[in-house]
Amino acid sequence: MSVWDGLVGQRRAVEVLSEASSNATAMTHAWLLTGPPGSGRSNAARAFAAALQCEQGGCGRCQACTTSLAGTHADVKVVATEKVFIRINEVRELIGVAQQAPSQGRWRVMIVEDADRMEERTSNVLLKAIEEPPPRTVWLLCAPSPHDVVVTIRSRCRGVALRVPPVADVAALLVERDGVDPEVAEMAARAAQSHIGLARRLARDPDARERRTRTLRLAAEIRGVGDAVLAAADLVEVATAEAKAATEDRDAAEKTALLHTLGAEGLATLPPAVRAQVRQLEEDQKRRSTRAQRDVLDRCLLDLLSLYRDVLVVQLGADVELVNPVHAEIRRLAAESTPEQTIRRMDAIGEARTRLEGNVAPLLAMEAMAVALRPQG
Ligand SMILES: [Zn+2]
């Protein structure tokens with residue numbers, strides 16, 4: 001057993017990182033771990049942190065390993081954001097922590113999970129810190145691709161690229177580690193296109209499988225503009241409900257905890273100072289919920305892209321397996337349209353993703369896309 005076991009299909013990256021953790025000449029102070037969502041960037045960063053802290057180079061069993069992997073090691077700081085951007089003040093705080101020598105571990109490890117969610121001036125603040133780190137500090141930045149971080153940061157970091165793991169490897173992981181039925185595991189890994197977190201969710205949650213199938217059918221059934229507008233509203237509603245379910249309990253618990261800390265539990269009217277704190281919390285929560293809704297919608301759009309990818313596979317007679325189980329709809333869409341139309345539809349979905357990322361109102365982005373999905377005669 002070792003800390004690298006959980007990194008599915010990443011032999012090359014594991015070689016580089018484990019070599020660096022055991023050989024001082026292969027080590028460097030700033031790393032950029034890149035890979036598509038679900039390839040396991042943050043898991044790779046944590047495993048590397050564990051290997052750096054562990055006396056045996058990442059045994060996976062000792063306290064240094066288990067706490068590093070869990071993100072609770074005193075000298076491993078993990079920054080994950082649910083907001084659209086990491087704030088400049090958060091980065092300044094991190095830099096303060098990074099200046100300190102490790103308190104008990106061998107290294108002070110700073111993991112930034114979404115290094116792509118930084119505005120340029122924030123990146124510039126971070127840049128100064130990673131240019132001249134203290135001798136025992138190492139920065140691990142994660143992003144979807146090297147181009148998602150500013151070039152000045154990219155050029156200071158050593159890059160490690162993770163790849164999309166093969167479907168069979170992801171399915172095997174679900175069977176071995178989560179005890180999922182092999183057939184369900186295979187289906188989930190394929191539908192999630194090897195996104196490990198999504199595959200696990202699909203494998204374990206029948207509701208998630210149902211929602212996904214519904215999204216695909218909804219798109220396949222669009223015949224005219226009226227259907228398109230309804231389908232768009234439906235997609236946004238599902239996403240809002242899912243995001244709400246994911247954040248609601250946590251929001252309430254956070255508010256209770258805050259009031260408790262401020263000694264204002266059960267007060268009918270809150271003193272102004274407390275009110276300001278509560279307002280700040282509620283604003284953060286609102287941003288988080290917006291982010292969650294957009295993430296869910298983006299996942300729906302990726303599901304739709306995979307549907308039309310399957311349609312294109314059928315239209316071109318390519319000898320590769322379909323991603324989605326809705327075969328009847330895929331064959332019908334393939335028969336009713338041309339490959340050029342399919343590609344135009346995929347472009348419309350890509351455009352919707354870009355617009356969502358650019359903060360266009362979700363309903364507008366989804367409507368424009370849904371209208372472009374209707375049959376073009
Ligand atoms: Zn260990």
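Predicted, not measured: the structure shown is a model, and the values here were computed from it.

Pairs of packed helices are described in terms of their axes, by the angle between the two and the distance that separates them. At their nearest, the axes of helix 4 (residues 88–98) and helix 5 (residues 120–131) sit 9 Å apart, and the two run at 5 degrees to each other. With respect to helix 5, the element helix 4 is oriented roughly parallel. Between helix 4 and helix 5, the contacting residues are Ile88, Val91, Arg92 and Ile95 on the first element and Arg121, Thr122, Val125, Leu126 and Ala129 on the second. Its residues placed into classes, the contact of helix 4 with helix 5 shows six nonpolar, one polar and two charged.

Attention shifts here to the side chain of His73. Along the chain, His73 falls in the loop between helix 3 (63–70) and strand 2 (76–79). Apart from residues lying up to four places away in sequence, His73 is in contact with Gln53, Ala64, Thr67, Ser68, Gln104 and Gly105.

Distances from the zinc ion to its protein donors, namely Cys54 (SG), Cys59 (SG), Cys62 (SG) and Cys65 (SG), fall within the range 2.3 to 2.4 Å. All donors to the zinc ion come from one chain, and their sequence spacing reads C-x4-C-x2-C-x2-C.

Attention shifts here to the side chain of Gln10. In this fold, Gln10 is placed in the segment before helix 1 (11–22). Not counting chain neighbours up to four residues away, the residues in contact with Gln10 comprise Ser39, Leu162, Arg163 and Pro165.

Attention now goes to the pairing of strand 3 (residues 108–112). A large share of strand 3 lies buried, amounting to five of its five residues. Residues Arg108, Met110 and Val112 point to one face of strand 3 and Val109 and Ile111 to the other, with burial holding for every one of them. In terms of strand pairing, strand 2 meets strand 3 through four bridges, oriented parallel. Looking at strand 3, one finds that Val78 is bridged to Ile111. One ladder, built from five bridges, connects strand 3 with strand 4 (residues 137–143); its direction is parallel.

Our focus in this paragraph is the pairing of strand 1 (residues 30–34). For strand 1, a buried count of five out of five residues is recorded, marking the element as mostly surrounded by other parts of the structure. The alternating pattern of strand 1 places Ala30, Leu32 and Thr34 on one face and Trp31 and Leu33 on the opposite face, and all of these are buried. As defined by bridge partners, strand 1 adjoins strand 4 across five bridges and the pair is classed as parallel. Across the sheet, residue Thr34 finds its bridge partner in strand 4, namely Ala143. Bridging between strand 1 and strand 5 (residues 158–161) involves four bridges; their strand directions are parallel. Opposite Thr34, over in strand 5, you have Ala161 as the bridge partner.

With that settled, the discussion passes to empty space enclosed by the protein. One pass over the structure, following the stated rule, counts three cavities of 30 Å³ or more. The calculated volume of the largest cavity comes to roughly 160 Å³. Along the wall of the largest cavity there are 13 residues; nearest its centre are Arg201, Ala208, Arg212, Arg299 and Asp303. Of all the secondary-structure elements, those providing two or more residues to the lining of the largest cavity are helix 9 (196–204), helix 10 (206–220), helix 11 (225–261) and helix 12 (272–316). Partitioned by chemical class, the residues of the lining of the largest cavity number six nonpolar, one polar and six charged.

For the rest of this paragraph, the subject is helix 5. Over its twelve residues, helix 5 runs 16 Å from end to end, which matches the ideal 16 Å to within 8%, given 1.5 Å per residue. When we look at burial in helix 5, the residues that qualify are Thr122, Ser123, Val125, Leu126, Leu127, Ala129 and Ile130. Buried-residue contacts for helix 5 involve strand 1, helix 4, strand 4 and helix 6 (151–156).

Looking now at the nonpolar core. Counting 35 residues, the largest nonpolar core has Leu301, Leu307, Tyr308, Ile349 and Met369 as its most contacted members. Elements supplying a minimum of two residues to this core: helix 10, helix 11, helix 12, helix 13 (327–336), helix 14 (339–357) and helix 15 (362–373). By residue number, the principal contributor to this core is helix 12, which donates eleven residues. Leu301 has contacts with Ile349, Ala352, Arg353, Leu356, Met366 and Met369, leaving out every residue within four places of it along the chain. Judged by nonpolar contacts, the second largest core, of 31 residues, contains Leu7, Val14, Phe48 and Ala51.

Criteria and cut-off values
- Residues numbered from 1 in each chain as written.
- Predicted model: local features only at pLDDT ≥ 70, side-chain atom pairs only at ≥ 80, totals over all residues.
- Heavy atoms only, no water.
- Axes fitted to C-alpha atoms, helices over the stretch in contact; angles between N-to-C directions.
- Helix = DSSP H or I, 4+ residues; strand = E, 2+ residues; numbered from the N terminus.
- Parallel < 35°, antiparallel > 145°, perpendicular 65-115°, else oblique.
- Contact = heavy atoms within 4.5 Å.
- Nonpolar A, V, L, I, M, F, W, Y, C, P; charged D, E, K, R; others polar.
- Donors = N, O, S within 2.8 Å, 3.2 Å for Na, K, Ca; no water.
- Buried < 20%, exposed > 50% of the residue type's maximum accessible area, 1.4 Å probe, protein only.
- Pairing = 2+ DSSP bridges.
- 1 Å grid on protein atoms, 1.4 Å probe; cavity = no way out; pocket = protein on both sides within 12 Å on 5 of 7 lines; lining within 4 Å.
- Points joined across faces, edges and corners; volume = space filled by probe spheres on them.
- Expected span 1.5 Å × (residues − 1).
- Core = buried A, V, L, I, M, F, W, Y, C linked by side-chain atoms within 4.5 Å.

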